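# Observations on the model geometry
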Amino acid sequence: MKILLRNNDLNEALLGSSNVGFVPTMGSLHKGHISLVKKSLIYCSKTIVSIFVNPTQFNNKDDYKKYPRNIKKDLKILKKLKVNFVYVPNKKQIYKTKNKIKIHLSKKDKILCAKYRKGHFEGVIDVMTRLTNIVKPSKIFMGEKDFQQIFLVKRYIENNFRSKVIICKTIRDKNKLALSSRNLLLDKKSLIEASKISRDLISFKKRLFKKKITKKLILIKKNELEKLYDVDIEYLEIRNKKNLQLTNKIKNSKIFVGYYLKNIRLIDNF
Ligand code: AMP
């Protein structure tokens, strides 16, 4: 496994390679990330994983500072998986040139996390288009856990590059909590509550197949969760999987949730 710190080294290392699989991450790797890497190793001739905590996608400086970083452990995991390359750039490597791609979220896009984290997806799309320009992969593996992220990034990447974005399913722990690097910031009580919220929403979804979804029904669920747990729910919405429009049918839809447990913000979809 080769560790690449500079874009020039990366260009040299990947020269002449085709069918390159790319897994962009912010590190603190868990089994969710590992599942993306394993997919890339299966479907691609070379696999490159990036580890870069991108400052421009954090709408809160404190959140950026306390984002968990475990580079040594990450490299050990990736080496064991037999990844070909790990790209660990600094800010200068990523941001030294101007991004030619214009990033603009329309009013229709400013929903869910985009509504509550101002500038977040502009930062995500910016860094993803920069990374794609540097790595030039055939396939980019991303997780459904961040559904709105994949929805927006896929559109930008596939409109501007020849790379394909491959959607990978969410990996959960045995208590149904979606794995996330941010889970490392939760104390024991919050971890238990987060799993309970996941299980609650999974069974809520099952019950919705027999019901007509109304705003009132969702509001009742939101209030119930806030009463049961020490949680502040930013949004709890049911939206169509294909276009992210609000819907009153559970078929072809997903429940989207964004919430704070103490000061830690978690998102999920079911
Ligand atoms: P992050 O390091 O949080 O930026 O995530 C890097 C990639 O891993 C993104 O494409 C995420 O959607 C994906 N990912 C994060 N958590 C999971 C999970 N539990 N299951 C599958 N993919 C995930």
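Our structure is the block above this text.
Here's a quick rundown of the structure.

About the cut-offs
Residues numbered from 1 in each chain as written. Predicted model: local features only at pLDDT ≥ 70, side-chain atom pairs only at ≥ 80, totals over all residues. Heavy atoms only, no water. Patch = residues over 30% accessible without salt bridge, like charges linked within 9 Å, V, L, I, M, F, W, Y side chains within 5 Å. Areas by Shrake-Rupley, 256 points an atom, 1.4 Å probe, with all protein chains shown as cover. Salt bridge = Lys/Arg side-chain N within 4 Å of Asp/Glu carboxyl O. Helix = DSSP H or I, 4+ residues; strand = E, 2+ residues; numbered from the N terminus. Near = heavy atom within 4 Å. Polar contact = N/O pair within 3.5 Å; in protein donor to acceptor, adjacent residues only side chain to side chain. 1 Å grid on protein atoms, 1.4 Å probe; cavity = no way out; pocket = protein on both sides within 12 Å on 5 of 7 lines; lining within 4 Å. Sits in = over half its atoms within 2 Å of the grid points. Nonpolar A, V, L, I, M, F, W, Y, C, P; charged D, E, K, R; others polar. Expected span 1.5 Å × (residues − 1). Buried < 20%, exposed > 50% of the residue type's maximum accessible area, 1.4 Å probe, protein only. Contact = heavy atoms within 4.5 Å. Pairing = 2+ DSSP bridges. Axes fitted to C-alpha atoms, helices over the stretch in contact; angles between N-to-C directions. Right-handed = clockwise from strand over helix to strand, strands pointing away.

## Describing a nonpolar patch on the surface
- A cluster of nonpolar side chains, namely Met-1, Ile-3 and Leu-5, defines an oily patch on the protein surface of about 270 Å² accessible area.
- Take Leu-5: it is sitting in the loop between strand E1 (2-4) and helix H1 (7-14).

## Concerning the site of the ligand
- In the region of the ligand, 17 residues are neighbours, and Met-26, His-33, Asp-146, Ile-171 and Leu-179 sit closest.
- In the model, an oxygen atom of the ligand is placed 2.9 Å from a nitrogen or oxygen of the Met-26 main chain.
- For the ligand, whose unbound accessible area comes to 490 Å², protein coverage reaches 92%.
- In a pocket analysis with a 2 Å cut-off to the grid points, the ligand is assigned to the largest cavity.
- Taken together, the elements giving at least two residues each to the shell around the ligand come down to strand E2 (20-25), helix H2 (31-43) and strand E5 (139-143).
- Among the residues making up the shell around the ligand, the classes are represented as 7 nonpolar, 7 polar and 3 charged.

## Thoughts on H2
- Over its 13 residues, H2 extends 18 Å from the first C-alpha to the last, a length consistent with the 18 Å expected when each residue adds 1.5 Å.
- Every buried residue of H2 is accounted for by Gly-32, His-33, Ile-34, Leu-36, Val-37 and Ser-40.
- Buried positions along H2 lie against E2, strand E3 (46-51), helix H4 (71-80), E5 and strand E6 (164-168).

## What about the sheet that holds strand E9 (residues 264-269)?
- A sheet is described by the order of its strands in space; here 3 strands give the open sequence E7-E8-E9, paired in antiparallel fashion. One side of each edge strand has no neighbouring strand; the edge strands of this open sheet are strand E7 (231-240) and E9. Between one strand axis and the next, the sheet turns by 10° as a mean value, whatever way the strands run.

## Re the pairing of E5
- Of the pairings in the sheet, the one linking E2 to E5 comprises 2 bridges and is parallel in character. Bridge assignment links Phe-22 to a residue of E5, and that residue is Ile-140.
- For the crossover from E5 across helix H8 (residues 147-160) to E6, the handedness is right-handed.

## Some points on the pattern of salt bridges
- This model, assessed by the stated rule, comprises 16 salt bridges.
- Taking the shortest distance from any N to any O, the salt bridge between Asp-9 and Arg-6 comes out at 3.8 Å.
- Accessibility expressed as a relative area gives 43% for Arg-6, which makes it partly exposed.
- We note a salt bridge from Lys-189 to Asp-230, for which the minimum N-O separation is 4.0 Å. Of this pair, Lys-189 sits in helix H9 (residues 188-208) while Asp-230 sits in the loop between helix H10 (215-228) and E7, placing them 41 residues apart in sequence.

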